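Each chain, written out:
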Amino acid sequence: MLSCDICGETVTSESDMKAHLLIVHMENEVVCPFCKLSGVNYDEMCFHIETAHFEQNELERNFEGINAIQYGTPDNKKDNTRQCRMEGNSSMHSACASSNPKIFAQSLPKDGTLKHKDFYSKNLTDSRKLLKSKGKQCDLAKRKGSIYDTMYSPECPFCGKIEDCTQDMETHVKTKHANLLDTPVEGMDRVQCSRDLELAHRLQQEEDRKRRSEESRQEREEFQKLQRQYGLDNSGGYKQQQLQSMEREVNSGRMHPSEFHRRKADMMESLALGIDDGKTKTSGIIEALHRYYQNAAPDVRHVWLSTVVDHFHSSFGDKGWGCGYRNFQMLLSSLLQNDAYDDCLKGMSVPCIPKIQSMIEDAWREGFDPQGACQLNNRLQGTKAWIGACEIYTLLTSLRVKCHIVDFHKSTGPLGTHPRLFEWILNYYSSEREGSPKVVCTSKPPIYLQHQGHSRTVVGIEERKNRTLCLLIFDPGCPSREMQKLLKQDMEASNLKQLRKFVGNLKHKQYQIVAVEGVLTAEEKIARRQASQVFTAEKIP
């Protein structure tokens, strides 16, 4: 049985095959299997394939050579290689011949047409069988055959499109799928870079916006915290806090309702008059200290006391924020009992806290300390705003009381202590130490002492026999019941513990004092008001 290489039909004899080829396939033209060229004879087609499709033929030859090397033996290596080349040529000629049996038959001798045809057909069939068997035996042949097939009809790995040649496929991939490649086509780099830069810019802007928003939120929270801390959150002032605190006392059962109404009436009267009701005042402590040091305190070499001063402590209405106002009341109580200040303080009484706030606002309106007024929104009444050394100086100066601020802005001793502060206060109270009596009641007013978060009043200083110094301090946070213990005739040394502050007890980073020096003339008051436009203080060190 013979099989037609063109259509696969089987016949029984060579004559039948010749007839089949002449009848069925006579009119077909020879066509190039690589580029579909037609209209040429068999010899021209062979020449065309050898020249125009050299790479494809070379690939086939290399493939056959690989197979020959892979499966050949040392003894028959040359024969196998030669046979493979013969099979490759036979298959090429057979491809041309199968396209046009007529031309193929005409190009051969008449007496050997069928034999030649059979020879090529047999070689072609054997070659295909050999390639098939080798493909089953070796994975290398399979991979090579796959590459061989792809050369003729490359398929796009992204969309599956088939192109005629690799150059067309390369162009297709670079133009249609440039965004999927590691290396974009020319021009795409600039576009992509521009997009990346734009995206990066947008991301950076968004990050900056979020950062600014977070910073603004934190600043608002910190500012609100500071407002609450310093009483500038519009939560009410002295009157509101006093009433709310007394109401809580009534609700908890610690205060009888009748006591609540009595205290409320007294508070309203005090606010109306602008005078402190004296319920937090303790008088006579300086006199009691004088008696104690004369009769006791054997470890004290010298002690200097200020002029007479009353102690004022915080109440329901100013607890937590009123220390500065209470210290001013202490200082003013001493000045009101000093004849040297009658001219500027004549007719005054110790004012209540809302009245002190009003007096400071009046001083601001006169032109004192505009920067401080701005920081406190030019308003103290109805608030819980803290005051410090600058406000005390402003108020005293507006009353024509001569004073100045000294700023101990950093530590002057070991472990964060301030020995220079103690030395300055000692020099303030005593001009001659040697030869003076043990207890000296000076004509100097008390000193306003300020540090971060609190203020107190210095009423004297001790010099111990070991030459160490100890300040005597009134604290507005100390209640009247504790201060009244100092008034006892048999006062013990332990009662002085709440007053005594040694060098090691004052370790805040910074201290400021306001020291009174006398009375200002009208011209001096105007000069100091002008100087307060830019606030300055004496700094030590």
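Residues numbered from 1 in each chain as written. Predicted model: local features only at pLDDT ≥ 70, side-chain atom pairs only at ≥ 80, totals over all residues. Heavy atoms only, no water.

**Observations concerning the overall build of the chain**
- Across its full length, the chain holds 20 helices and 13 strands.
- In the chain, of all internal contacts separated by at least 6 residues, the share reaching a separation of at least 24 is 67%.
- Carbon together with sulfur atoms contributes 51% to the accessible area of the chain, which is approximately 30200 Å² in total. (Helix = DSSP H or I, 4+ residues; strand = E, 2+ residues; numbered from the N terminus. Contact = heavy atoms within 4.5 Å. Areas by Shrake-Rupley, 256 points an atom, 1.4 Å probe, with all protein chains shown as cover.)

**Let's talk about helix α13 (residues 323–336)**
- Over its 14 residues, α13 runs 20 Å from end to end, which matches the ideal 20 Å to within 8%, given 1.5 Å per residue.
- Of all the 14 residues making up α13, 13 are buried; the element is thus mostly covered by neighbouring parts of the structure. (Expected span 1.5 Å × (residues − 1). Buried < 20%, exposed > 50% of the residue type's maximum accessible area, 1.4 Å probe, protein only.)

**Here's the deal with the environment of Ala-340**
- Relative to the helices and strands, Ala-340 resides in the loop between α13 and α14 (342–345).
- Along the sequence, Ala-340 and Ser-443 sit 103 residues apart, while their C-alpha atoms lie 9.5 Å from each other.

**A look at the nonpolar core**
- Residues Phe-328, Leu-345, Leu-380, Leu-396, Val-401, Val-514 and Val-516 are the most contacted members of the largest nonpolar core, which totals 39 residues.
- Taken together, the elements giving at least two residues each to this core come down to α10 (238–252), α11 (257–273), α13, α14, α15 (353–366), α17 (389–398), β6 (401–408) and β12 (511–519).
- For Val-401, the contacting residues outside a window of four places in its chain are Leu-335, Tyr-341, Cys-344, Leu-345, Leu-396, Val-516, Gly-518 and Leu-520. (Core = buried A, V, L, I, M, F, W, Y, C linked by side-chain atoms within 4.5 Å.)

**Considerations on the pairing of β6**
- Within β6, 7 of the 8 residues are buried, leaving the element largely enclosed by the surrounding structure.
- Pairing analysis gives 8 bridges linking β6 to β12, with the strands arranged antiparallel. Directly across from Lys-402, in β12, lies its bridge partner Gly-518.
- Both β6 and strand β13 (residues 538–539) contribute to a ladder of 2 bridges, which runs parallel. Bridged to Val-406 within β13 is Glu-538. (Pairing = 2+ DSSP bridges.)

**Focus: the packing of aromatic side chains**
- Counted by the stated rule, this structure contains 5 aromatic pairs.
- Each ring, one from Trp-321 and one from Tyr-325, has its centre 5.8 Å from the other, and the planes form 80°; the classification is edge-to-face. Accessibility classification places Trp-321 together with Tyr-325 in one group, the buried group.
- Above the plane of the ring of Tyr-428 lies Lys-444, whose end atom (NZ or CZ) is 4.5 Å from the centre. (Phe/Tyr/Trp six-rings, centres within 6.5 Å; stacked < 30°, edge-to-face > 60°. Lys NZ or Arg CZ within 6 Å of the ring centre and 35° of its normal.)

**Looking at the packing of α15 against α17**
- For the pair α15 and α17, interaxial distance at closest approach is 9 Å and the crossing angle is 75°. With respect to α17, the element α15 is oriented roughly perpendicular. Contact residues: Ile-356, Met-359, Ile-360, Ala-363, Trp-364 and Glu-366 in α15; Glu-391, Thr-394, Leu-395 and Ser-398 in α17.
- The residue makeup of the contact of α15 with α17, split by class, is 6 nonpolar, 2 polar and 2 charged. (Axes fitted to C-alpha atoms, helices over the stretch in contact; angles between N-to-C directions. Parallel < 35°, antiparallel > 145°, perpendicular 65-115°, else oblique. Nonpolar A, V, L, I, M, F, W, Y, C, P; charged D, E, K, R; others polar.)

**Observations concerning α10**
- The end-to-end C-alpha separation of α10 is 21 Å, in line with the 21 Å expected for 15 residues at 1.5 Å each.
- Where α10 is concerned, the buried positions are Tyr-238, Gln-241, Gln-242, Leu-243, Ser-245, Met-246 and Glu-249.
- Its buried side turned inward, α10 meets α11, α13 and α15.

**Observations concerning the confidence of the model for the chain**
- Summing up the model confidence of the chain, the mean pLDDT is 81 and the portion of residues at 70 or higher is 75%.
- In this model, residues 66–151 is a region of pLDDT below 50 whose contacts with residues beyond four sequence positions or in other chains number 90 contacts. (pLDDT = per-residue confidence, 0-100.)

**Observations concerning the packing of α10 against α11**
- It is the contact of α10 with α11, at a shortest axis distance of 10 Å, that shows an interaxial angle of 170°. In terms of orientation, α10 lies roughly antiparallel with respect to α11. Across the interface between the two elements, Tyr-238, Lys-239, Gln-242, Leu-243, Met-246, Glu-247 and Val-250 from α10 touch Pro-257, Phe-260, Arg-263, Lys-264, Met-267, Met-268 and Leu-271 from α11.

**Overview of the side chain of Thr-417**
- Considering the arrangement of structural elements, one finds Thr-417 in the loop between β6 and α18 (419–429).
- Excluding residues within four positions of it along the chain, Thr-417 makes contact with Ser-411, Thr-412, Val-503, Gly-504, Leu-506 and Lys-507.

**Notes on the pairing of strand β8 (residues 447–451)**
- Taking burial as the measure, the 5 residues of β8 include 5 buried ones, the bulk of the element.
- Judged by which residues are buried, β8 turns out to be covered on both faces: Ile-447, Leu-449 and His-451 on one side and Tyr-448 and Gln-450 on the other are all buried.
- Across 5 bridges, β8 lies against strand β9 (residues 454–464) in antiparallel orientation. Opposite Ile-447, over in β9, you have Val-458 as the bridge partner.
- Where β8 hands over to β9, the hairpin turn is made up of 2 residues, of which Gly-453 adopts a positive phi near 90°.
- Alignment of β8 against β12, held across 4 bridges, turns out to be antiparallel. Bridge pairing in β12 links Tyr-448 to Val-514.

**Observations concerning the environment of Ser-532**
- Mapped onto the elements of the fold, Ser-532 is located in the loop between α20 (522–531) and β13.
- Not counting residues up to four positions away in its chain, the partners in contact with Ser-532 are Gly-367, Phe-368, Asp-369 and Pro-370.
- Looking at Ser-532, its side chain comes within polar contact range of the main-chain nitrogen of Asp-369, at 3.1 Å. (Polar contact = N/O pair within 3.5 Å; in protein donor to acceptor, adjacent residues only side chain to side chain.)

**A short note on the pattern of salt bridges**
- Taken as a whole and assessed by the stated rule, the structure comprises 23 salt bridges.
- As a salt-bridge pair, Glu-215 and Arg-211 come within 3.4 Å of each other at their nearest N and O atoms. One end of the pair is Glu-215 and the other is Arg-211, both in helix α9 (residues 188–229) and 4 residues apart, which spans about a single turn.
- The class for Glu-215 is partly exposed, based on a relative accessible area of 37%.
- Arg-211 sits in the partly exposed class, given a relative accessible area of 42%.
- Note that Lys-485 is salt-bridged to Glu-482, the shortest N-O span being 3.3 Å.
- Of the residues examined, Lys-485 reaches a relative accessible area of 32% and is grouped as partly exposed.
- Several salt bridges share partner residues, and in doing so they unite Glu-259, Arg-262, Arg-263, Asp-266 and Lys-279 into one network. (Salt bridge = Lys/Arg side-chain N within 4 Å of Asp/Glu carboxyl O.)

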